[in-house]
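Structural overview for review
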Amino acid sequence: MTSNPTPTRDLAVFVIFAAAVLTMPIWLAPIGAAYPDLLQKFAIYGLFATGFNLLFGLTGYLSFGHAAFLGVGSYTAVWGFKLLGMNPVPAAAMAIVTSGLFAWLIGYVSLRRSGIYFSILTLAFAQMSYNLAYSVLTPITNGETGLRVLQSDPRIFDTAAQSGGPLVSTLFGIEMSGYPGFYFCATFLILGFLVAQRIFRSPFGTMLRAVKSNQNRMNYTGLNPRPYTLAVFVISGMYAGLAGALLCITDPLAGAERMQWTASGEVVLMTILGGVGTLLGPILGAGIIKYFENIFSAFNEHILQDIFSFLPEALQGPVVSISGLFVGEGWHLTLGVLFMIIVILLPGGIMEGVGRITSMVKGGSRKKHQHQTAPAE
Amino acid sequence: MEILKVEGVNKAFGGLKALHDVNLSVEAGTVHAIIGPNGAGKSTLLNCFVGRLIPDTGSVTFNGTTSLIGLKAHEINQTGVSRVFQTPEIFGELTILENVMIPTMARRDGEFSLQFWRRLDADAEVRDKALHMLEDLGLASKKDIIAGSLSRGDKRRLELAMCLVQDPKLLLLDEPTAGMSRADTNNTIDLLQRIGEERGITKVVIEHDMHVVFSLADKISVLAQGTVIAEGTPQAIKGDPRVQEAYLGGAHL
């Protein structure tokens, strides 16, 4: 808690993190998570949660509407494809700009309040965006069907060969699906992590923690909390917009359900599960939730019967039907149980668990030191 | 030269007249105490100086020309007014050093600055200034401790460091010894006296403790029922029958 993160240590963490992300296809293979679609999701939602944590972890402002920025990013990226062609870079850049502007608008209004009122305002804005995407904005969002790229779209920068080809995002002739898609997303996750790390250690980040700690003192110290919260809200919205664009870069289809409140809630869960206010926690949380979603929802009764086939027949039936509640469609139940266990036992999320284990391994000398720095009264 | 001039300030909360035609003039480089019984309007008056309350009528002028009426709290601070609270207001989750670096940066970089790429600990100028201040107030050995875990006396010392590091022209102290033991109170008096001599900062002190007031103040204003009933040197105030009337209902001080 009182350890000072030195530049060397931060660099080491960054290098290890980047290496771990890029080698995910290898070390995630034993748990059956090393297929490109899931790896892409790890990277994209890790980025989304990292951005969310910049706002929530540093300033304590809990946004319940971050999915709106994810959706805006997705729609913008698909429009980028439609108008400019299938190159993912301009699409991503456009998505960052639009979601940033959108976040500035929503943040400008919502940040007039704090606490639960701020959360409700952001939730209301996101639900409004979701409903608008379904109704009056249909010319832009294509409503229920979802927005996709068509052969007839202008795509002005696409060459003749490309415009006849399949409608997937392409960079330097490489299609952004499968492993290339994952590495494209992973690059952004690593960049996003680097920016987040810099923000955490910067004067700006310290001011954001001051916002969370004591706004009254901040005011009387000559600092205006509003531009600080608005700036981080916009940065956080841009992360979400980029994540939304990456979802469309790997699969060029944008639908309104991406903006629904459940999606906003999911990123809150990811962040809390991994550890609010830590750099790695939200990314771990995102990975765990996406893993559970993909692995447990794929289980069916047949697979369960195979697993429990060692049990006597009389037991096998009940065990399979009870555990069946927790898999397939019911995977949210597993997630809920896991979430409750973690939040009750480790309020600081998985990163608190990691911290406890490392301090246990490092042994007694450090423990004594911690006692010395305990409250004086 | 007068650094703070208060003229004809009125403030009412509904039917309650908290301040009634208050006039006050604080000379630069002095310690000006505002005393008065509970409910006299001392805190209301202080809140009118720092932008928390806006007087209904009247003017508050700082440094000869700057009107403080209508400015926000952070703008008033940036003109050179710092405030110590009755209960220390610090950044409880941050380290002591960070607590002092924040006001140092606020003074140098203004009310907002988007420095998100450089490292805070690489900012030697701010760090050195903050460390120097902590050494001066005897907190340097605790610089990496989380501020919320300090003792109450140390928290107050830290808050004072946070105000002083900004080199304020005017320091407002709201009951700086409230809830302190006699020994701590005397330490605080010594500290405030030393700071007064070394830095020449003008101070306005609100205080209940007469011992503190008479040890520190150059000039005292007595507030009762929202008006200034007496003003003068500590000696003059001690002997003033109106003050004894307001405080003790006529008994002798």
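Since the model is a prediction, treat every value here as computed from it, not as a measurement.

Rules used in this analysis
- Residues numbered from 1 in each chain as written.
- Chains lettered and ligands numbered in written order.
- Predicted model: local features only at pLDDT ≥ 70, side-chain atom pairs only at ≥ 80, totals over all residues.
- Heavy atoms only, no water.
- Pairing = 2+ DSSP bridges.
- Helix = DSSP H or I, 4+ residues; strand = E, 2+ residues; numbered from the N terminus.
- Contact = heavy atoms within 4.5 Å.
- Axes fitted to C-alpha atoms, helices over the stretch in contact; angles between N-to-C directions.
- Buried < 20%, exposed > 50% of the residue type's maximum accessible area, 1.4 Å probe, protein only.
- Right-handed = clockwise from strand over helix to strand, strands pointing away.
- UniProt positions renumbered as here; feature names shortened; annotations may be inferred.
- Buried area = accessible area lost by both parts, 1.4 Å probe.
- Salt bridge = Lys/Arg side-chain N within 4 Å of Asp/Glu carboxyl O.
- Polar contact = N/O pair within 3.5 Å; in protein donor to acceptor, adjacent residues only side chain to side chain.
- Nonpolar A, V, L, I, M, F, W, Y, C, P; charged D, E, K, R; others polar.

1. Some words on the sheet that holds strand S2 (residues 16–27) of chain B
Strand pairing in a sheet relies on backbone hydrogen bonds, with the paired strands running either antiparallel or parallel. All names here are of chain B. Read across the sheet, 4 strands follow the order S2-S1-S4-S5 without closing on themselves; strand pairing throughout is antiparallel. On the outer flanks of this sheet lie S2 and strand S5 (66–67), each paired with one strand and no other. Pairing of strand S1 (residues 2–13) with S2 involves 8 bridges; the strand directions are antiparallel. Bridge pairing in S2 places Leu-4 opposite Val-26. In the packing of helix H1 (residues 42–49) onto the sheet, the strands contacted are S1, S2 and strand S4 (57–62), and the crossing angle to S2 comes to about 60°.

2. Focus: the pairing of strand S7 (residues 170–174) of chain B
Residue and element names in this part refer to chain B. Most of S7 is tucked away, with 5 of its 5 residues classed as buried. Of the two faces of S7, the one carrying Leu-170, Leu-172 and Asp-174 and the one carrying Leu-171 and Leu-173 are both buried. The pairing of strand S6 (residues 81–84) with S7 spans 4 bridges and is parallel. Of the residues in S7, the one forming a bridge with Ser-82 is Leu-171. As paired elements, S7 and strand S8 (residues 202–206) share 5 bridges and run parallel to each other. When the bridges of S8 are listed, Leu-172 appears paired with Val-204. At this point the chain moves from S7, through helix H6 (residues 182–199), to the parallel S8, and the crossover so formed is right-handed.

3. Regarding the UniProt feature "transmembrane region" (unreviewed entry) in chain A
Residues and elements named next belong to chain A. What UniProt calls "transmembrane region" (unreviewed entry) maps, in this numbering, to residues 12–35, 42–69, 89–109, 116–137, 181–200, 227–247, 267–289 and 333–358. What you have in residues 42–69 is 75% helix and 0% strand, and the ends, taken at the C-alpha atoms, are 18 Å apart. Annotation note: span residues 89–109, helix share 100%, strand share 0%, distance between end C-alpha atoms 31 Å.

4. A closer look at the interface of chain A and chain B
Taken together, the contact between chain A and chain B spans 37 residues of the former and 41 residues of the latter. Of the roughly 3500 Å² buried between chain A and chain B on both sides combined, carbon and sulfur atoms contribute 60%. Inspection of the region where chain A meets chain B yields 3 salt bridges. We note a salt bridge from Glu-98 of chain B to Arg-209 of chain A, for which the minimum N-O separation is 2.9 Å. Applying the counting rule to chain A against chain B returns 23 residue pairs in polar contact (both at pLDDT 80 or more). Sorting the residues of the side of chain A that touches chain B by element identifies helix H1 (7–22), helix H9 (178–201), helix H10 (203–213), helix H11 (215–219) and helix H12 (225–250) of chain A as the ones contributing at least two each. Of the residues belonging to the side of chain A that touches chain B, the class tally is 18 nonpolar, 13 polar and 6 charged.

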